[in-house]
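Residue-level structure breakdown
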Amino acid sequence: MMLLDIFDPKAKPRPIGIDLGTTNSLVAYVRDGRPETIADCDGSALVPSIVHYARNGAVIVGDRAKRLAEAHPQETLVSVKRFLGRGADDPETRQLGPYAFLPREAEGPDVVRFSVHGKAITPVEASAEILRNLKELAEEELHSVGGAVITVPAYFDDGQRQATKDAAKLAGLRVLRLVNEPTAAALAYGLDAKRDGLFAVYDFGGGTFDVTVLVLDDGVFQVKSTGGDSALGGDDMDRLLADELATAFGLTEEVRKKPAVVRVLLDLARATKHRLTDAETVTVPNPFVDAPASAATVTRDRFDVLVKPLLERTGKACRRAVRDAGVEVAELDGVILVGGSTRVPYVRTYVEALFGQAPLGDIDPDQVVALGAALQAHQLEGEGEKEEILLLDVLPLSLGIEVGGGVVDKILPRNTTIPTASKSVYTTQEDGQTGFVLHVVQGEREIASDCRSLATFTLAGIPPMAAGMARLEVTFRVDVDGLLTVEAREQTTGKVQHVDVKPSYGLDDETVEKMLLDALDHGEADLQLRRLLENRVEAGRLAKATQKAIVVDVDLLEAGEKETIEAALTALIASAAGEDAAKIKFRMDELDAATKGFAAARMNRAIATAIAGKDVGSIEATVEAALGIEEAHARHGAR
């Protein structure tokens, strides 16, 4: 223990790592080459992620706020991380605590707004108070704080990541990077144990579950796949146990819905869960007056039965992540446990059975994420020259845009290593079209309406051209924090539109899991529907072009040719109104055959018009330029 710490005012600010957790949050830094957490004056490194808003305007964070939660359940926000990025109209929101919510605003983003003393408090503002408290804790220890690496669940979507960054900005922090929690844990473990190999990280925290399969290879941490549930954690165990206690106490439905009762039950449930880690049986005195039972007895076996469905949900995500990584369970060199919920004995037993090996628990699962974040911050600020660290994370879900017929063109598939960028080229479907409306979506389904909408924006001001002439290049860029930026550029005019995709709410409970399972369950049906919609779009384009041509170039039609083409047109339009994709394709082929001679005559006229009065050299140059353009379009996947 140091007796004297001399502060140098010219000392360089120290980078920090922050684990913004659902139940507890921590801050850490690197000292003498080793990461360590920063404790408060009571010697505890865990800061409860609880914020209390007093009537006099004071904001209280941590243990003091926790002690006020029972008496002030609606003014004390607990597990606020679970609300980050959620929509105000999300039904799951109302089940996460005894809070009063303000209705959704007519204008503005769809975000949760707590009603506290008549004021609106958002999850971003509450999270900022927790981060500000951690920053102050670090400043007491280090005097001057530099940049911060903040960890997020691997399955946090774009909105939840952006909300975390917004909270950090409000707290006065300079964010160096957002790092996925399992990756940070692997970083701490890998550098501590000096081991290379293929690992699975099982991260079961207070409000989220993540699983990541990654390779550690001489300082390179490459994520192979990731999965999980952004609304599954120890809080769900607490809610199940709280219901069990309420029933054992004999509380009526009306009583157990009161905010103060809900808060007491949840706190009792959490304390009971912790006691069951070491005890086989726990007796819980009834704190409610006039309740029929004086106490409730909970056994570990009963608790295991209650939480088994939650663990089975984690098991599905783990099996899928291993499969997505292209490996077998037997190939794993180890399983790393992260998160306070992994202290539950049944969780460890379940993980061992799931992966066929005892999980690694060398580092405190509550602290390992913050320690890894501190190591990454140390490296990013140029302090870790001796340890070269490269983190390669991946996208949890595919990103794309809605194209003709409502289908999705996936520009960046899930499990793509980030940072990354990709582009595709599109064209217009209507003559005289002067703009593009781009709908950015996230998910695995083939149809846009079955995926999650991220953003919609318009690129306008394009001169009217014939259908298919405009060229729209759409570029997706995902940075190291997993945040998406979209650029749309019309190539013939140079018109450009940028948008930082910042959705107003995140994925609700089980949405990510449901997205992936639905993609598997409905894969064949989705592909059939995609073919139908694409054929309908192509049939409409072909019909319009043909109708226009037989009017403009009617003099080129031979005797009886117009009637044949119109009959094929009628049959195509009728088939496009049906549900048979193959029939639409057949009718398009029929129309193509019926217009073959007419199309050749139109092409000859166009060529004759183009070369009239020109010499051979200029014609060859024009043709070569045109061929070059078409080859470029083909290389860029023009549509």
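The structure contained in this document is the topic of the report that follows. Numbering of residues begins from 1 in every chain and follows the order in which that chain's sequence is written. Reporting of local features is limited, given that this is a predicted model, to residues whose pLDDT is at least 70; pairs of side-chain atoms are given and counted only at 80 or more, and all residues count toward the totals for whole chains, interfaces and linings. Side-chain measures here rest on the full set of heavy atoms in the structure, leaving out hydrogens and waters.

1. Overview of the overall build of the chain
Under the DSSP-based scheme used, a helix requires at least four consecutive residues in state H or I and a strand at least two consecutive residues in state E, with every element numbered from the N terminus. Per the secondary structure count, the chain includes 16 helices and 27 strands. Counting only residues that meet the buried cut, the chain has 51% of its 639 residues in that class. All accessible-area figures derive from a Shrake-Rupley calculation using a 1.4 Å probe, and residue coverage is judged against the displayed protein chains alone. Total accessible area on the chain stands at roughly 28,900 Å², and carbon and sulfur atoms take up 52% of it. Relative accessibility thresholds used throughout: buried, under 20% of the residue-type maximum; exposed, over 50%; partly exposed, between the two (1.4 Å probe, protein chains only).

2. Brief notes about the pattern of salt bridges
When charged atoms on two side chains of opposite charge get close, those side chains can pair. The salt bridge definition used is simple: a Lys or Arg side-chain nitrogen within 4 Å of an Asp or Glu carboxyl oxygen. The tally for this structure, following the rule as stated, stands at 23 salt bridges. Its salt-bridge partner being Asp-366, residue Arg-343 comes within 3.0 Å of it at the nearest N-O pair. Taken together, the positions of Arg-343 in the loop between strand E17 (334-338) and helix H9 (345-355) and Asp-366 in the loop between H9 and helix H10 (368-380) put the pair 23 residues apart, joining distant regions of the chain. A salt bridge links Asp-589 to Lys-585; its shortest N-O distance comes to 3.1 Å. Residue Asp-589 and its partner Lys-585 are located together in helix H14 (residues 581-594), separated by 4 residues, close to a single helical turn.

3. Notes on the side chain of Thr-314
Here Thr-314 is to be found in helix H8 (residues 300-324). Apart from residues lying up to four places away in sequence, Thr-314 is in contact with Tyr-202, Phe-204, Phe-209, Leu-232 and Tyr-350. Contact criterion: two residues are considered in contact whenever any of their non-hydrogen atoms come within 4.5 Å of each other.

4. Notes on the pairing of strand E14 (residues 220-229)
Of all the 10 residues making up E14, 7 are buried; the element is thus mostly covered by neighbouring parts of the structure. In this description, strands pair whenever DSSP reports at least two bridges between them. Pairing of strand E13 (residues 209-217) with E14, which is carried by 9 bridges, proceeds in the antiparallel orientation. The partner of Val-213 across the bridge, within E14, is Ser-225.

5. Overview of the sheet that holds strand E5 (residues 50-53)
With antiparallel pairing, 3 strands are arranged side by side in an open sheet as E6-E5-E7. In the strand order of this sheet, the two ends are held by strand E6 (59-61) and strand E7 (76-78), each with one partner. For this sheet, the mean angle separating the axes of adjacent strands, direction not counted, is 20 degrees. Pairing of E5 with E7, which is carried by 3 bridges, proceeds in the antiparallel orientation. The residue bridging Val-51 from the neighbouring strand is Leu-77, located in E7. Most of the contacts of helix H2 (residues 123-142) go to E5, to which it runs at about 110 degrees, and overall it touches E5, E6 and E7. Axis angles are defined between N-to-C directions and span 0 to 180 degrees, where every axis is a line fitted to C-alpha atoms and, for a helix, only to the segment in contact.

6. Thoughts on the sheet that holds strand E19 (residues 399-402)
With antiparallel pairing, 4 strands are arranged side by side in an open sheet as E20-E19-E23-E24. In this open sheet, the two strands that pair with only one neighbour each are strand E20 (408-412) and strand E24 (452-460). For this sheet, the mean inter-axis angle between neighbouring strands, taken without regard to orientation, is 30 degrees. The pairing of E19 with E20 spans 4 bridges and is antiparallel. Residue Ile-401 lies in a different strand from E20, and its bridge partner there is Asp-409.

7. Digging into the environment of Thr-277
Structurally, the position occupied by Thr-277 is in the loop between helix H7 (259-275) and strand E15 (281-285). Residues Thr-277 and Tyr-346, 69 residues apart in the sequence, show an inter-C-alpha distance of 9.0 Å. Discounting residues that sit within four places of it in the chain, Thr-277 has contacts with Arg-300, Arg-343 and Pro-345.

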